[in-house]
Amino acid sequence: MKTSAYVLLFIFWISTFYASTIMAFAEFISLWYMPAGVSIAGFLIFGKRAFFPIFLAVFFVSFRFIEQFEQGFDPAHLASALLFALAHTVPYGLGGLAARHWLSYFIQKGLPQRIIGLLVIYAISALMAAICGLLVWEFTTENYDHILEEGWFAWWLGDLVGVMVIAPLMCLILPKLSHTRLTWLDEFYAHDRRLSSNLKPFLLKLSIAVATVIGILILDSYITHRGVAYFVFFVSIPQLWIVLTERTSYATNSLVCITVVMAFGVGVFNVSDQAITYQFALYITAAMSYLAISIPALMQRNHQLAELSMLDLLTNLPTKWLFKTLVTQVVKSSRPNQNHCIAMYNLDHFKKLNDDYGQAIGDEVLRQSAQILKNELRDSEILCRCEQDTFVVFIPNTDIDEASKRANELRHKLPVLHIDDLILPIRGSFGVAQVQFGETIDQTVERATRALQQAKLEGRNKVVAIS
Ligand SMILES: Nc1nc2c(ncn2[C@@H]2O[C@H](COP(=O)(O)OP(=O)(O)OP(=O)(O)O)[C@@H](O)[C@H]2O)c(=O)[nH]1
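Residues numbered from 1 in each chain as written. Predicted model: local features only at pLDDT ≥ 70, side-chain atom pairs only at ≥ 80, totals over all residues.

Across the sheet, which stays open at both edges, the 5 strands sit in the order 2-3-1-6-7 with mixed pairing between neighbours. Of all the strands in the sheet, the pair left with one neighbour each is strand 2 (382-387) and strand 7 (463-466). Going from strand to strand, the sheet's axes swing by 20 degrees on average, the running direction of each strand aside. In this structure, strand 2 lies alongside strand 3 (residues 390-395), joined through 5 bridges in antiparallel fashion. Residue pairing for strand 3: Ile-382 is matched across the bridge by Phe-394. Of the strands in this sheet, strand 1 (341-347), strand 3, strand 6 (428-434) and strand 7 touch helix 17 (residues 400-413), which is tilted by about 160 degrees from strand 6. (Pairing = 2+ DSSP bridges. Helix = DSSP H or I, 4+ residues; strand = E, 2+ residues; numbered from the N terminus. Axes fitted to C-alpha atoms, helices over the stretch in contact; angles between N-to-C directions. Contact = placed C-beta atoms within 7 Å.)

Here it is in structure tokens:
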């Protein structure tokens, strides 16, 4: 960790602390405690080296330097500042390190599992920080006896919102500014690379979210019914809309915007008696955003898998699955008197070729011969690799006789390949079958396979047709 990263962490901690105090609607009471997010993200990104700048920052704000200077040095005050620094840094340190371990060690696990683990770690560390902070407060301050029972829930929720909202923002900013690359963090923002950086639709959705918050705050300040504040949970809808359709980095920023507006609004519109409801709404919105981040990632993975199931990796030809889908569409949309055929071919003595010259030469033969036959096809014909060295061609608008002639033409197009110093004449046996009315493509393929077997039995390098 470079010195600049230490300084950065310290500055972020101090500035978010003062930003939190601006947004407090009463002394020490705010919807969120932003520095908690900086602390946990600091440990998450930099590991245990983050201890020093964070400890120093908490000590800096807890130890009232000017008071000490004016009234004389008080060792009890120094001890309490040190205890506060420990009460904050240790729980968030352990939480940040646990999250770092969880995310990097379980990189093979799916994103949803890792996110759920993260949410649990965040909740436990914020609870520990709340309990430790209040215990230190109770221990170091006179006339505060029941502060733990009374204050733990609000402190916990405030810290938790700070963690949930600020940690992702820090995970965006800190690695960039400190030139730290964390591969296990990249996956969270993988969605960003595929989406455009067009700000307009994002700003529109963000405006809807912000307008929802302000509208509810205004209503809440005018209507004294307690239930009005619950409507603020609706803000999770535009926020989810952003998460699912916009860059993850935009969703991170929108969460911060919504929280800032809500935190200021509770003070401005004087609805602090409902603070817990607003805090809860922020926590739920943030937690839903975290979980929803994995949906675009899963969609992307599904897309990749679909592509893999459609194209054969070696020959780049359609797979049997895609072939069946395309051919079924053509057959279904045909007139009843339209004939279609399929020609299945298998390379002759391919096993020997593999054994004599090796698998790599065998692969090259499959690739090149498939490419050559593909170039010979008419636009309406479809070639696919069925399995191993077996291929199928769909020959539309032809009856069995024409298809046999066409298969024979293709058989003659099988090349003599020149690979490295080898000269390899490629031969193949063909089986042709006509698509019968009402049968599935699998049934036609089955009959073509039988014809192909017949061609092999009859000495190979020939075409056999089955009606
Ligand atoms: N190089 C290579 N070989 C493959 C691939 N897939 C299957 N094979 C091999 O292809 C061979 C297929 O042999 P067959 O078609 O059963 O037998 P053959 O030697 O061609 O004999 P006939 O078909 O009776 O003429 C097997 O040895 C497989 O191991 C592949 O992707 N690349």
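As a matter of local geometry, the ligand sits amid 17 residues, with Asp-348, Phe-350, Lys-351, Gly-362 and Gln-388 nearest to it. Secondary-structure elements contributing two or more residues to the shell around the ligand are strand 1, helix 15 (350-357) and helix 16 (359-376). Class assignment for the residues of the shell around the ligand results in 4 nonpolar, 6 polar and 7 charged. (Near = placed C-beta within 6 Å. Nonpolar A, V, L, I, M, F, W, Y, C, P; charged D, E, K, R; others polar.)

Of note, Gln-388 is a non-glycine position whose phi angle comes to about 40 degrees, a positive value. Checked against the element boundaries, Gln-388 lands in the loop between strand 2 and strand 3. Residue classification places Gln-388 among the exposed positions, given that 11 C-beta atoms sit within 10 Å. Not every positive phi belongs to a glycine, and Arg-460 is a case in point at roughly 70 degrees. As for its placement among the helices and strands, Arg-460 is situated in the loop between helix 18 (441-457) and strand 7. (Buried ≥ 20, exposed ≤ 12 C-beta atoms within 10 Å, placed from the backbone.)

The buried count for strand 1 comes to 7 of 7 residues, which makes it a mostly enclosed element. Direction of pairing for strand 1 relative to strand 3: antiparallel, over a ladder of 6 bridges. Across the sheet, Ala-343 pairs through a bridge with Val-393, a residue of strand 3. Taken together, the 7 bridges between strand 1 and strand 6 define a ladder with antiparallel strand orientation.

Before going further, it helps to examine the confidence of the model for the protein. Note that predicted coordinates carrying low pLDDT should not be read in detail. Taken over all residues, the pLDDT of the protein has a mean of 91, while the share at 70 or more is 98%. Reported confidences for the modelled complex are a pTM of 0.67 and an ipTM of 0.97. (pLDDT = per-residue confidence, 0-100.)

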